[in-house]
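Observations on the three-dimensional arrangement
Read off the chains here:
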Amino acid sequence: MSETGLPALRILGVDPGLRVTGFGVIEKVGSRLRYLASGCIRTTIGDSLPIRLGTIHTGLRELVAQHRPDEAATEIVFVNVNPQSTLLLGQARGAAISALVSSGLAVAEYTALQVKQAVVGNGHADKVQVQHMVRHLLSLPSMPGADAADALACAIAHAHGGQGLGRLAAGGLQVRGGRLILRKVVGKKEGG
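Throughout what follows, the structure given in this document is the object of discussion. (Residues numbered from 1 in each chain as written. Predicted model: local features only at pLDDT ≥ 70, side-chain atom pairs only at ≥ 80, totals over all residues. Heavy atoms only, no water.)

1. Brief notes about the pairing of strand S4 (residues 71-75)
The condition is simple: When accessible area is computed with a 1.4 Å probe and restricted to protein chains, residues below 20% of their type maximum are described as buried, those above 50% as exposed, and intermediate ones as partly exposed. Where helices and strands are cited, they refer to DSSP runs of H or I of at least four residues and of E of at least two residues respectively, numbered from the N terminus. At least two DSSP bridges between two strands are needed for those strands to be called paired.
For S4, the tally of buried residues reaches four of five residues, placing the bulk of the element in the interior. Strand direction decides the pairing type here: strand S1 (residues 8-15) and S4, joined by four bridges, are parallel. In the sheet register, Ile11 faces S4, and the bridge partner there is Glu71. Direction of pairing for S4 relative to strand S5 (residues 106-110): parallel, over a ladder of five bridges. Bridged to Thr74 within S5 is Glu109.

Written out as structure tokens, the structure is:
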């Protein structure tokens, strides 16, 4: 519970990357968002892949222990032109999700389009627009770094109701390309 008596929801946003994994922690009380922390987990380029993945996993486990979030949100991997880069990003994302789930957190996943739409109002916004809106929405004194801003944007999207996007499919809606689409639900007639 918050000091206002309303329930508080603490969200950890994660922007996975093999070199830099951004993180951001916010708290939602009613419709208000409050910034708690953000930063980056950096891996050493010369280290082996397993060591780098371990650094991401350990770093996120430590953040969860320190900030005790209720839920987590992360971006879904996009397919890159370079298959090797996509594979490495997928492994970094796997290490991050594994750390979050093994810490007991529910993890919501969003496309970059969904995050940008929820934060900026435009699914094709650029990184600078996302940084500006994150700064504005969280009343930050300065611009957050790009990786931390992306992680905070994931958390903000989740706080703004993004957690319901996955459940919309049951109601005849689905998300495609970051947009809600009404799909026909064909049911059986009674007695037939």
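Okay, back to it.
2. Structural notes on helix H4 (residues 127-137)
Operational definition: Directions drawn from the helix axis to the C-beta atoms are what define this arc. Contacts are assigned to residue pairs with any non-hydrogen atoms lying within 4.5 Å of each other. The definition of a polar contact used here is a pair of N or O atoms within 3.5 Å, where within protein one atom must be able to donate a hydrogen and the other to accept one, and adjacent residues in sequence count solely through side-chain atom pairs.
Inspection of H4 places Val130, Gln131 and Val134 among the buried residues, and these make up the whole buried set. The buried residues of H4 occupy an angular sector of 100° when the element is viewed end-on, so they sit on one face. Tucked inside the fold, the buried residues of H4 contact helix H3 (112-119) and helix H5 (146-159). You can read the cap of H4 off the contacts: a side-chain oxygen lies 3.1 Å from the backbone nitrogen of Val128, and it is on Asp126. Looking at the residues trailing H4, positive phi occurs at Ser139, about 50°.

3. With respect to unusual backbone geometry
Backbone geometry at Arg68 places phi at a positive 45°, although glycine is not the residue there. Here the phi dihedral of Ser139 falls at roughly 50°; this positive angle occurs in a residue that is not glycine. Overall, the relative accessible area of 64% leaves Ser139 in the exposed class.

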